[in-house]
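Summary of structural features
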Amino acid sequence: KRPKKKAAANKHGKAGLTKRGRKVVAPKGGVKKKDWEEDKMLSKFVNSRNEGRTAASVLGQGGRLSLVKPAEEEAKKKLTRREKDEAKRRAERTRMSQQVTQSGLGM
């Protein structure tokens, strides 16, 4: 067995850097760049479609699943605090109405 390495003397309580995975760099130009962009758009489409189908099937089975990322229009739009509160209330009302209709108490 090898002896364990000692901590670096010049770190002084600093946390180590965590590698986040492989860095994806787009090609500089030409046909490769165009192919790369098409592949990226196709992946986005497939991923969003899979997430939507999964969420729909879970909802159909009586569970609750929300998508991690909001729609692009919603993500780009900056909302005021008042608009955020209204959106939360609206979402809560729709969720409550869905629960009522699922339980058979709705009219």
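Below is a short write-up of the structure.

What counts as what
- Residues numbered from 1 in each chain as written.
- Predicted model: local features only at pLDDT ≥ 70, side-chain atom pairs only at ≥ 80, totals over all residues.
- Heavy atoms only, no water.
- Patch = residues over 30% accessible without salt bridge, like charges linked within 9 Å, V, L, I, M, F, W, Y side chains within 5 Å.
- Areas by Shrake-Rupley, 256 points an atom, 1.4 Å probe, with all protein chains shown as cover.
- Salt bridge = Lys/Arg side-chain N within 4 Å of Asp/Glu carboxyl O.
- Helix = DSSP H or I, 4+ residues; strand = E, 2+ residues; numbered from the N terminus.
- Buried < 20%, exposed > 50% of the residue type's maximum accessible area, 1.4 Å probe, protein only.
- Expected span 1.5 Å × (residues − 1).

Things to note about a nonpolar patch on the surface
Nonpolar side chains collect at one region of the surface, where L42, F45 and V46 lie side by side and expose about 280 Å² of accessible area between them. Relative to the assigned elements, V46 resides in helix α1 (residues 30–60). For V46, a relative accessible area of 36% corresponds to the partly exposed category.

Focus on α1
The end-to-end C-alpha distance of α1, which contains 31 residues, comes to 46 Å, matching closely the 45 Å that a straight helix rising 1.5 Å per residue would cover. Just beyond α1, the residue with positive phi is G62, at close to 95°.

Focus: the pattern of salt bridges
Inspection of the entire model under this criterion finds two salt bridges. Measuring nitrogen to oxygen at the nearest pair gives 3.8 Å for the salt bridge that ties R82 to E86. Here the residue R82 and the residue E86 both occupy positions in helix α3 (residues 81–103), the gap between them amounting to four residues, near one helical turn. Here R95 and E92 are joined by a salt bridge, their closest N and O atoms 2.7 Å apart. Within this pair, R95 and its partner E92 are both found in helix α3, separated by three residues, close to a single helical turn. Overall, the relative accessible area of 36% leaves E92 in the partly exposed class.

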